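Listed here are the chains, written in short residue letters.
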Amino acid sequence: MGSQTKSFQMGKFLLEQRSIIALLILIAIVSVINPDFFSVDNILNILRQTSVNAIIAVGMTFVILIAGIDLSVGSVLALTGAIAASMVSAELPVFLVIPAVLLIGTLLGGISGVIVAKGKVQAFIATLVTMTLLRGITMVYTDGRPISTGFSEGADTFAALGTGYLFAIPLPIWIMAVVFALAWYILKHTPIGRYIYALGGNEAATQLSGINVNKIKVFVFAVSGFLSALAGLIVTSRLSSAQPTAGVSYELDAIAAVVVGGTSLMGGKGRVMGTLIGALIIGFLNNALNLLDISSYYQMIAKALVILAAVLADNYLGTKKL
């Protein structure tokens, strides 16, 4: 009986730590196959490439924790990136461009939240609508063409956001680290964080306890919009232009990072640091397959299998009530 209990506890531990174990196994395997994988330059390159998806995935974590979904993140990224590029090309001060664009992203996310909270529309449908709407607005705004940030001094300053370094580490990595630290603190040590978990666990009970669930819903979608705009700023500054098709399928990568990181799609259970590990798994997997010169078609298959494995593991944990 004792050995069965120990085996059960060991199985529980392995399932709960599956994302970390998967990341370590992935790194170990690819490091053996290709020694260049573990070079400092390659690791920094992976982290920089992962930063955009990881930042968006933090906002997605907030939304999924309340049992929602946000399909509009890629469209918010594209529209805010286009607005940022046009503002920079008009030689507006960068210290005004960045907060203005972040505010716009927050408002766009908040609109989705209002539709969900006040309109009583399912998050999937609400954000599907805003995804399509904002993508259309982006196409109209850009006329279907890229918008360059120009060649002014302000454009060079703006470009540093995506291409600059601090202590030999790319700035997007620092931004990603700050975003995760703040998200961890909010979810772990603030009342709003506890309300988010409570809402995802049982909305009816949360409402009966006197908590304004509508405000929480608007808040989490606003956070998602804010972080999508931040990612849009990084992408636009890195390319020195805004592409009207930017952010396409980014919502899928963000959802993948959250699910692989152990956050339940049913809401109420998950950790933002798990999302970081999930984003790293996706980033390391893409980079490993590139180093091994594997076709992008097979990369899509591999990513799908990783997501499926994560969902099945989550369902198994729910069934067994681990």
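Residues numbered from 1 in each chain as written. Predicted model: local features only at pLDDT ≥ 70, side-chain atom pairs only at ≥ 80, totals over all residues. Heavy atoms only, no water.

- You'll find the protein entered in an unreviewed UniProt entry as Ribose ABC transporter membrane protein, with Mesocricetibacter intestinalis given as the organism.
- Recorded under Subcellular location (unreviewed entry), the UniProt text for the protein is reproduced unchanged: "Cell inner membrane".
- In its Sequence similarities (unreviewed entry) section, UniProt records this for the protein: "Belongs to the binding-protein-dependent transport system permease family. AraH/RbsC subfamily." (UniProt positions renumbered as here; feature names shortened; annotations may be inferred.)

**Points about the UniProt feature "transmembrane region" (unreviewed entry) in the protein**
Inference 1: In the numbering used here, UniProt assigns the "transmembrane region" (unreviewed entry) feature to residues 20-40, 52-80, 92-116, 123-142, 162-187, 218-236 and 272-291.
Inference 2: The span residues 52-80 is 76% helical and 0% strand by assignment, and the distance between its end C-alpha atoms comes to 14 Å. (Helix = DSSP H or I, 4+ residues; strand = E, 2+ residues; numbered from the N terminus.)

**Examining the packing of aromatic side chains**
Inference 1: Enumeration according to the criterion identifies one aromatic pair in this entry.
Inference 2: Look at Phe167 and Trp174: their rings are 6.4 Å apart centre to centre, the planes differ by 70°, and that puts the pair in the edge-to-face class. (Phe/Tyr/Trp six-rings, centres within 6.5 Å; stacked < 30°, edge-to-face > 60°.)

**What about the pattern of salt bridges?**
Inference 1: Within the structure shown, the criterion is met by two salt bridges.
Inference 2: Note that Arg145 is salt-bridged to Asp143, the shortest N-O span being 3.2 Å.
Inference 3: Taking the relative accessible area as the measure of exposure, Arg145 reaches 52% and is therefore exposed.
Inference 4: For Glu203, the salt bridge goes to Lys217, with nearest N and O atoms at 2.9 Å. Linking Glu203 in helix α10 (residues 203-208) with Lys217 in helix α11 (residues 213-239), this pair joins segments that are 14 residues apart in sequence.
Inference 5: Judged by relative accessible area, which is 36%, Glu203 ranks as partly exposed.
Inference 6: Residue classification places Lys217 among the buried residues on the basis of a relative accessible area of 11%. (Salt bridge = Lys/Arg side-chain N within 4 Å of Asp/Glu carboxyl O. Buried < 20%, exposed > 50% of the residue type's maximum accessible area, 1.4 Å probe, protein only.)

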